[in-house]
2 protein chains.
Amino acid sequence: MARAPTTYDPFNAIAEPKRRQLLEALGTQELSVNELVALLGWTQPMVSKHLGVLKQVGLVSERRVGRQRLYRVNAAQLKPIHDWVTPFEQYWSESFERLNQLLGQIHKGERKNARKK
Amino acid sequence: MARAPTTYDPFNAIAEPKRRQLLEALGTQELSVNELVALLGWTQPMVSKHLGVLKQVGLVSERRVGRQRLYRVNAAQLKPIHDWVTPFEQYWSESFERLNQLLGQIHKGERKNARKK
DNA sequence: TTGACATATTCCCATATAGGAATATAATAT
DNA sequence: ATATTATATTCCTATATGGGAATATGTCAA
């Protein structure tokens, strides 16, 4: 069944490296499609398509000015991702890593003993 | 060309909701495949397959004990995701939202004026 | 209206999976 | 050795895209 239609999940939108690049390029500034094309060196349809996905998910918003469309990041939509990953943060801290390695050592010892039985 | 082979990118591994569930279920505890099957109510091959992907990306590690395989989260691999999303954090804070809305109002005014010209 | 510019959309193809079913592999107990 | 338990793997199919090329849409200027 392939991956579920992802275009409505920020996690999935972000899974595509190009879309992450796009968000990085936009950063806090508003840019037109052509500016993004120039900046990234992709084809125009490619930029438009990825922007389309990001827009559907709500990760960018669009503002029309003349024939241009100015895009900007809608950072609030990234909050769910931040919120999801943050609880794991404590487990990659340096102190945790040390503790973890220590426990790993102890554990190996236990396994050896168990085998020798 | 479809999405680039994602099995080596944590962002992509995490894009699948089931794999996020799996990581949540594991949390900080070590669980066997069957325990996860019982906990999540999925089929055993399904659990094994998703664990396989997570393992390839390094998001979980495996420890063999008898016929069981105990899996646990390798949180450090989530750091890149945290690091990527964090810089955007400031833009969804409450105070930023207020400022942003205010600027939005001003902007609308400008557009109207520009049009009337 | 006509032409130039900015952007979006459509068509087509190749490929990466997710899920289900069946089966293989590994380890333990009898 | 054999049965049983725990887990992984393979085969198959349906489907979701990503990218390229061509084209449509929309907007402004002359």
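Criteria and thresholds
- Residues numbered from 1 in each chain as written.
- Chains lettered and ligands numbered in written order.
- Predicted model: local features only at pLDDT ≥ 70, side-chain atom pairs only at ≥ 80, totals over all residues.
- Heavy atoms only, no water.
- Pairing = 2+ DSSP bridges.
- Helix = DSSP H or I, 4+ residues; strand = E, 2+ residues; numbered from the N terminus.
- Contact = heavy atoms within 4.5 Å.
- Axes fitted to C-alpha atoms, helices over the stretch in contact; angles between N-to-C directions.
- Expected span 1.5 Å × (residues − 1).
- Buried < 20%, exposed > 50% of the residue type's maximum accessible area, 1.4 Å probe, protein only.
- Parallel < 35°, antiparallel > 145°, perpendicular 65-115°, else oblique.
- Least-squares fit on C-alpha atoms with pLDDT ≥ 70 in both.
- pLDDT = per-residue confidence, 0-100.
- Buried area = accessible area lost by both parts, 1.4 Å probe.
- Salt bridge = Lys/Arg side-chain N within 4 Å of Asp/Glu carboxyl O.
- Polar contact = N/O pair within 3.5 Å; in protein donor to acceptor, adjacent residues only side chain to side chain.

Caption draft 1: Examining the sheet that holds strand β1 (residues 31–32) of chain A more closely. All names here are of chain A. Reading across from one edge, β1-β3-β2 is the order of the 3 strands in this open sheet, with antiparallel pairing throughout. Strands at the two margins of the open sheet, each flanked by one partner only, are β1 and β2 (60–65). Where β2 meets strand β3 (residues 68–73), 6 bridges bridge the pair, whose relative direction is antiparallel. The residue bridging arginine 64 from the neighbouring strand is arginine 69, located in β3. Against the sheet, helix α4 (residues 44–57) contacts β2 and β3, and its axis sits at roughly 115° relative to β2.

Caption draft 2: Inspection of α4(A) at higher detail. Under the 1.5 Å per step criterion, the end-to-end length of α4(A) is 20 Å for 14 residues, consistent within 8% with the ideal 20 Å. Positive phi shows up at Gly58(A), right after α4(A), with a value of about 85°.

Caption draft 3: Geometry of the side chain of Ser32(B). Within the fold, Ser32(B) resides in strand β1 (residues 31–32). Classification of Ser32(B) by relative accessible area gives buried; the value is 2%.

Caption draft 4: Seen up close, the packing of helix α2 (residues 17–26) of chain A against α4(A). Residue and element names in this part refer to chain A. It is the contact of α2 with α4, at a shortest axis distance of 10 Å, that shows an interaxial angle of 85°. Here α4 runs roughly perpendicular to α2, going by the angle between their axes. Residues Lys18, Arg19, Leu22, Leu23 and Leu26 of α2 form the contact with α4, whose own contacting residues are Met46, Val47, His50, Leu51, Val53 and Leu54.

Caption draft 5: The relation of the copies chain B and chain A, seen in detail. It takes a turn of 180° to lay chain B on chain A, together with a shift of 0.0 Å along the axis; the resulting RMSD is 0.0 Å. What the superposition gives is, in effect, a two-fold axis relating one chain to the other. The share of interface residues of chain B whose copies in chain A are also at the interface is 100%, consistent with both copies meeting through the same surface.

Caption draft 6: Just the confidence of the model for chain A, in detail. When pLDDT is averaged along chain A, the result is 85; 78% of the residues meet or exceed 70. pLDDT under 50 marks residues 109–117 of chain A. Its contacts with residues more than four places away, or in other chains, come to 2 contacts.

Caption draft 7: Looking closely at the sheet that holds β1(B). Residues and elements named next belong to chain B. The strand order β1-β3-β2 describes an open sheet built from 3 strands, whose pairing is antiparallel. Of all the strands in the sheet, just β1 and β2 (60–65) have a single pairing partner and so form its edges. Packing of helix α2 (residues 17–26) onto the sheet brings it into contact with β1, β2 and β3 (68–73), and relative to β3 it is tilted by some 95°.

Caption draft 8: A look at the interface of chain B and chain A. Opposite the 34 residues of chain B that make contact, chain A presents 34 residues. Taking both sides of the interface into account, the surface hidden between chain B and chain A amounts to around 3200 Å²; carbon and sulfur atoms contribute 63%. The closest approach of N and O atoms between Arg20(B) and Asp9(A), which form a salt bridge, is 3.3 Å. Scanning the region where chain B abuts chain A turns up 4 residue pairs in polar contact (both at pLDDT 80 or more). Listed by contribution, the elements that provide at least two residues to the side of chain B that touches chain A are α1 (10–15), α2, β2, β3, α5 (79–85) and α6 (94–116) of chain B. No other element matches the 5 residues that α5(B) contributes to the side of chain B that touches chain A.

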